[in-house]
Amino acid sequence: HISSHLFAMAALAAKTAPVKWAQRQESMYLTIDLRDVTEEKIELAKDKLSFSGKSNGEDYVLELEFLKPVNPEESKWNVLPRSVQMFLVKEVQDEEEFWPRLLKDKHLEKTNVKIDWDKWIDEDDDQEGFDMSNMQGGMDFGQMGGMGGMPGMGGMPGMGGMPG
């Protein structure tokens, strides 16, 4: 895990990544509204999402503390040219009601989170699932094993001990 101290220091220089969300009874869809994201690090815990990455040469971070727990094992994410998209499965599947909001902190929700009206439906509407086409070729949080980024992105393996 990134220690929260380091994260806080990095966050000082970085901008808050804009995020929007929509939900269904069993899941949520989050979109981090940044183009051409590189150097992304995404960590999902039951109660929290941490994101950092670069877009247009600027550093962005996002730390979301959820109102209720999600199931990281079942959730997915994908980095697309226009955004980073995440499909998050709620831990409790059979709740009668939608979550009243995404975050624990109402104030942060007002300043940091927008509704994704393209994906939003009312609770009374037919519960059509999300369009999952953007998750093609994405990553399962469950398979991440707590790693930041893709395997092999750090340095080239085996370059350390080259004869000089």
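Relevant structure appears above.
Report on the accompanying structure. Sequence positions are assigned chain by chain, starting from 1 and proceeding in written order. Reporting in this predicted model follows two pLDDT cut-offs: at least 70 for local features of residues, and 80 or more for side-chain atom pairs to be given and counted; totals over whole chains, interfaces and linings ignore these cut-offs and use all residues. Values shown for side chains rest on all heavy atoms present in the structure; no hydrogens or waters enter the calculation.

### Quick word on the overall build of the protein chain
Inference 1: Helix and strand assignments come from DSSP, with helices taken as H or I runs of at least 4 residues and strands as E runs of at least 2, each series counted from the N terminus. Within the protein chain one finds two helices and 10 strands.
Inference 2: Element order for the protein chain, N to C, with α for helix and β for strand: α-β-β-β-β-β-β-β-β-α-β-β.
Inference 3: Whether two residues are in contact is decided by their heavy atoms, any of which lying within 4.5 Å being enough. Look at the contacts in the protein chain between residues 6 or more apart in sequence, and 65% of them connect residues 24 or more apart.
Inference 4: Note on areas: Shrake-Rupley, 1.4 Å probe, and residue coverage restricted to the protein chains presented here. Approximately 10100 Å² of the protein chain is accessible, and the part contributed by carbon and sulfur atoms is 51%.

### Side note on the sheet that holds strand S7 (residues 70-79)
Inference 1: Reading across from one edge, S9-S2-S3-S8-S7-S10 is the order of the six strands in this open sheet, with mixed pairing throughout. Strands at the two margins of the open sheet, each flanked by one partner only, are strand S9 (113-115) and strand S10 (139-140).
Inference 2: In this description, strands pair whenever DSSP reports at least two bridges between them. Where strand S3 (residues 27-32) meets strand S8 (residues 84-90), six bridges bridge the pair, whose relative direction is antiparallel. Note that in S8 the partner of Leu-30 across the bridge is Met-86.

### Quick word on the pairing of S8
Inference 1: Using a 1.4 Å probe on the protein chains alone, a residue whose accessible area is under 20% of its type maximum counts as buried, one over 50% counts as exposed, and one in between counts as partly exposed. Burial within S8 is extensive, with seven of its seven residues counted as buried.
Inference 2: Along S8, one buried face is formed by Val-84, Met-86, Leu-88 and Lys-90 and the opposite face, lined by Gln-85, Phe-87 and Val-89, is buried too.
Inference 3: Adjacent in sequence and paired antiparallel, S7 and S8 are bridged by four residues.

### What about the side chain of Ser-50?
Inference 1: Looking at where Ser-50 falls in the secondary structure, it is placed in strand S5 (residues 48-55).
Inference 2: Classification of Ser-50 by relative accessible area gives buried; the value is 9%.
Inference 3: One polar contact links Ser-50 to Glu-63, side chain to side chain, over a distance of 3.2 Å. Identification of polar contacts relies on pairs of N or O atoms within 3.5 Å, with a donor-acceptor requirement for protein atoms, meaning one able to donate a hydrogen and the other able to accept it, and with residues adjacent in sequence counted only if both atoms are side-chain atoms.

### Looking at the environment of Gln-85
Inference 1: Relative to the helices and strands, Gln-85 is located in strand S8.
Inference 2: Each C-alpha atom, one on Gln-85 and one on Lys-20, is 9.8 Å from the other, the two residues being 65 residues apart in sequence.
Inference 3: Residues contacting Gln-85, with those up to four places away along its chain left out, are Tyr-29, Leu-30, Thr-31, Lys-76, Trp-77, Asn-78, Leu-80, Asn-134 and Met-135.
Inference 4: At a separation of 2.8 Å, a polar atom in the side chain of Gln-85 contacts the side chain of Tyr-29.

### Some points on the sheet that holds S5
Inference 1: The strand order across the open sheet built from four strands is S1-S6-S5-S4, with neighbouring strands paired in mixed fashion. Both edges of this open sheet fall to strand S1 (15-16) and strand S4 (38-44), since each of them pairs with a single strand only.
Inference 2: Pairing geometry for S1 and strand S6 (residues 58-65), over two bridges, is parallel. Within S6, the residue paired with Thr-16 across the bridge is Val-61.

### Topic: the environment of Val-70
Inference 1: The topology assignment puts Val-70 in strand S7.
Inference 2: Residue classification places Val-70 among the buried positions, given a relative accessible area of 0%.
Inference 3: Along the sequence, Val-70 and Lys-90 sit 20 residues apart, while their C-alpha atoms lie 4.3 Å from each other.

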